[in-house]
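Read off the chains here:
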Amino acid sequence: MRAVDVLLAIAVAAAGAHVLVSMQWTAPALLFGALALLAPLPAWFGWQRPLAPTPGLAFISFVSGGLLGYLGLADWAPVDSWAADFAVFGGLCLAGVALLLWLLVARPPAPAGKAGDPATDTLVVAVVILALLIPRRIPPAGLTLALPWIGAAAAVLAPMVSRLGGRALLRAAWLVPVLALLPLAEPVLHAAQRPLLGALFSALPAPRGETGFAPLARLRADGFLRPARRPVLRLWVTSGTPPPYLVGNRLLTLDAGYEWKGVDSAQPELAREATASGQRYRLAPGTASWSLAAHSLRRDNLIFVPPGTQTVDLSEAALSRDPAGVLQAQFTGRGERRWQAAGGPPAAEAAAAAEARALPAFWDAELQAAAGRLAGANRAQTAGRIGTELRARRYSLNYRLDRQAPFRDFFINRKPAHCFWYATAAVLALRANGVPARLVTGYRVSEPLDGGLWLVRERDAHAWAEWQDAAGHWQTLDATPLDYGAAMADYGGGALERAWQRLAARLDAWWQGVELTDGQVQAVLLAGLAVLAGLFVREYRRLRRVAAQAANSREWLRLWRRFLRTSGLPERPQWTASDYLARLPDGWSAPRRAAARRFLELYAAARFAPDAAPTAAAAALRDLRRRRLSG
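Residues numbered from 1 in each chain as written. Predicted model: local features only at pLDDT ≥ 70, side-chain atom pairs only at ≥ 80, totals over all residues. Heavy atoms only, no water.

**Q** What is the right way to read a nonpolar patch on the surface from this model?
**A** Taken together, the side chains of Val 6, Ile 10, Leu 37 and Ile 150 define a hydrophobic patch exposed on the protein surface, amounting to about 280 Å² of accessible area. Within the element layout of this structure, Ile 10 appears in helix 1 (residues 3–22). Assessed through its relative accessible area of 30%, Ile 10 is described here as partly exposed. (Patch = residues over 30% accessible without salt bridge, like charges linked within 9 Å, V, L, I, M, F, W, Y side chains within 5 Å. Areas by Shrake-Rupley, 256 points an atom, 1.4 Å probe, with all protein chains shown as cover. Salt bridge = Lys/Arg side-chain N within 4 Å of Asp/Glu carboxyl O. Helix = DSSP H or I, 4+ residues; strand = E, 2+ residues; numbered from the N terminus. Buried < 20%, exposed > 50% of the residue type's maximum accessible area, 1.4 Å probe, protein only.)

See below:
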């Protein structure tokens, strides 16, 4: 067993274990590592190698991996694993890891002193790419931290050892100090990952970031937030013009720790009625003036609807409100998370509860005076003046406020912050002027695709205020500064990514027109997987036959060259067996000519036959050599 084989085995074992550990599958990672380390043994014992993966077999493997990821990886992977959010990409990674192991086992031995054989180059490049792109399990520790470094180091050393032999190991000794500094080198790898992943996900949805919907959230005195571009909802406006907001929940109480709590319990009960397509839940009375269809790309069962929603239609799931006041549908298994909503102007409700007028414990005379200067002649004017004042300020995701009195610093000193702070200021300023108000969390709809299609991302998570007018209607007040859109534009994805989202939305809309149940969809996907498996087996068997024929061709060529050396005749592709027989040396005896004739006849008859073995021709050539015809 050569050193290059051991290094490649270590590289593949570390890379595959790194991928599986990042998915939080420790036991499969250990099993894969053991199999990869044992992969060179069959060649060492002289056992027959399998065929190496070809581009066609690799393509079928990747398609099958992506399909298997879609079918089951989201359910099999741990909830907090990245593979649960990117099931198809996770399936592709698993297919790639399996192909690496296959290529390692099937890799033919390279001639000594020769570097750069295709199998080794493929393994080296793939291992380095996996080390750079696959995210580390957080928090990384111990061997988990070292896996990508071990894989990359072994992959880089393998071709060096193949070319330089023992001298490469002496040069590799310079890497020992670097390996000892792995904890310090990890931030460097993260820094290198950031631009690489940014370029990769400019064409695909990005992983989750630091922003997103949170039903109960705390106001923090400082922050440096990075919005995530991951899509969470697709919307199709089917009639009218719904409000550009999606409500998650409505909160009433801000405690002394700057955490919003107290779900508005005055929201109406959910009245259910059966429809031809499933269940309809009525949230409010009234006649609908708009309607939309929604498809959630989140992994939870939360439902988001615009303000003023009157009915929500679900095909199968039951609708309820969770303890945080968020609508939640009991979707089953991998069923599509879809619903339809219809609504209109908000209906009048009873007077708001006392909590909608209460001010937090930190509210003092100075804050009251500042809010009082924004009062208008009536509730609508007061809300308008508060919105105008706050929207004229500056939006920022990178902010720092006084830790002892963050709201005072924000409100009095006009410090920049994000939407949650502005929504809080609007609610408290309204309450300070006698206007019932509540804080609303959810999403802001701001990214149109085309044809009534809209895309909602995690970066669109938003907070705003609602206030109750004298007639009992709850009105929306978004006090976020006007530069909010410009700040979010940097996190909207490139043109290629938006084109992909438009295509995905259109395919999604088309697929909904195909009347298939979830069971039928699963059956179609499994049938496709079975077809891929059949194609894989058929292609592999075909390649085995081609490989056997190629081996026969190489053996025939070897025999022919030995015959030419034995006879001393030149190689002339245009000559036939009769031409060679006519040009045998004159000094050959009749038995020698008979042996040569027999070889040439066997060669002419069987050389180009698909499955002809050169056994008889090899015996004839040995007979020639025994007769010492070489002179």
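**Q** Just checking my understanding: could you explain the packing of helix 13 (residues 379–391) against helix 15 (residues 419–432) for this structure?
**A** Helix packing for two helices is described by the angle between their axes and how far apart those axes are. Helix 15 packs onto helix 13 with a crossing angle of 150° between their chain directions and a minimal axis gap of 10 Å. Classed by the angle they form, the pair helix 13 and helix 15 counts as roughly antiparallel. Where helix 13 crosses over helix 15, the two elements pack in a sense that is right-handed. The segment helix 13 lies against helix 15, with Thr 382, Ala 383, Ile 386 and Leu 390 engaging Tyr 422, Ala 425, Ala 426, Ala 429 and Leu 430. When its residues are assigned to classes, the contact of helix 13 with helix 15 shows 8 nonpolar, 1 polar and no charged. (Axes fitted to C-alpha atoms, helices over the stretch in contact; angles between N-to-C directions. Parallel < 35°, antiparallel > 145°, perpendicular 65-115°, else oblique. Left-handed = near helix turned anticlockwise from the far one by under 90°. Contact = heavy atoms within 4.5 Å. Nonpolar A, V, L, I, M, F, W, Y, C, P; charged D, E, K, R; others polar.)

**Q** What exactly am I supposed to notice about the packing of aromatic side chains here?
**A** How two aromatic rings sit relative to each other is set out by the distance from centre to centre and by the angle between their planes. A complete count under the given rule lists 12 aromatic pairs for this structure. With centroids separated by 5.6 Å and ring planes inclined at 15°, the aromatic side chains of Phe 407 and Phe 411 adopt a geometry described as stacked. Of this pair, Phe 407 and Phe 411 both sit in helix 14 (residues 406–412), 4 residues apart, which is roughly one turn of the helix. The burial state of Phe 407 is the same as that of Phe 411; both residues are buried. An aromatic cluster is defined as three or more aromatic residues linked by ring pairs; in this entry it consists of Tyr 258, Phe 362, Trp 363, Phe 407, Phe 410, Phe 411, Trp 421 and Tyr 422. Its guanidinium or amino end placed over the ring of Phe 410, Arg 393 lies 5.9 Å from that ring's centre, counting from NZ or CZ. Over the aromatic face of Trp 474 sits the side chain of Arg 438, whose NZ or CZ is 3.8 Å from the ring centroid. (Phe/Tyr/Trp six-rings, centres within 6.5 Å; stacked < 30°, edge-to-face > 60°. Lys NZ or Arg CZ within 6 Å of the ring centre and 35° of its normal.)

**Q** Would you take a moment to explain the sheet that holds strand 16 (residues 461–468) for this structure?
**A** Spatial ordering of the open sheet is given by 4-3-13-16-17, a layout of 5 strands whose pairing is antiparallel. The open sheet has two edge strands, strand 4 (260–263) and strand 17 (474–477), and neither has a second partner. This sheet shows a mean twist of 45° between the axes of neighbouring strands, independent of strand direction. In terms of strand pairing, strand 3 (residues 245–254) meets strand 4 through 3 bridges, oriented antiparallel. (Pairing = 2+ DSSP bridges.)

**Q** Honestly, the pairing of strand 5 (residues 271–275) in this entry has me stumped. Any pointers?
**A** Two faces, one strand: in a regular strand the side chains alternate between the faces of the sheet. With 5 bridges connecting them, strand 5 and strand 6 (residues 278–282) associate as antiparallel partners. Bridge assignment links Ala 274 to a residue of strand 6, and that residue is Gln 279. Hairpin connection between strand 5 and strand 6: a loop of 2 residues separates the two successive antiparallel strands.

**Q** Quick question: what am I supposed to make of the packing of helix 6 (residues 87–106) against helix 7 (residues 118–133) here?
**A** The N-to-C vectors of helix 6 and helix 7 enclose an angle of 150°; their axes lie 10 Å apart at closest approach. By the angle between their axes, helix 6 is roughly antiparallel relative to helix 7. As helix 6 packs across helix 7, the resulting crossing turns out to be left-handed. Residues Leu 100, Leu 103 and Leu 104 of helix 6 form the contact with helix 7, whose own contacting residues are Ala 119, Thr 122, Leu 123, Ala 126 and Leu 130. Of the residues that constitute the contact of helix 6 with helix 7, the class distribution is 7 nonpolar, 1 polar and no charged.

**Q** Please explain the pattern of salt bridges as it appears in this structure.
**A** It is possible for side chains bearing opposite charge to pair when their charged atoms get close. Under the criterion given, the structure shown has 16 salt bridges. For Asp 5, the salt bridge identified is with Arg 107, shortest N-O distance 2.5 Å. Linking Asp 5 in helix 1 with Arg 107 in the loop between helix 6 and helix 7, this pair joins segments that are 102 residues apart in sequence. Comparing Asp 5 with Arg 107 shows no difference in burial state: the two are buried. Taking the shortest distance from any N to any O, the salt bridge between Arg 438 and Glu 466 comes out at 2.9 Å.

This is a description of form; function is not addressed.
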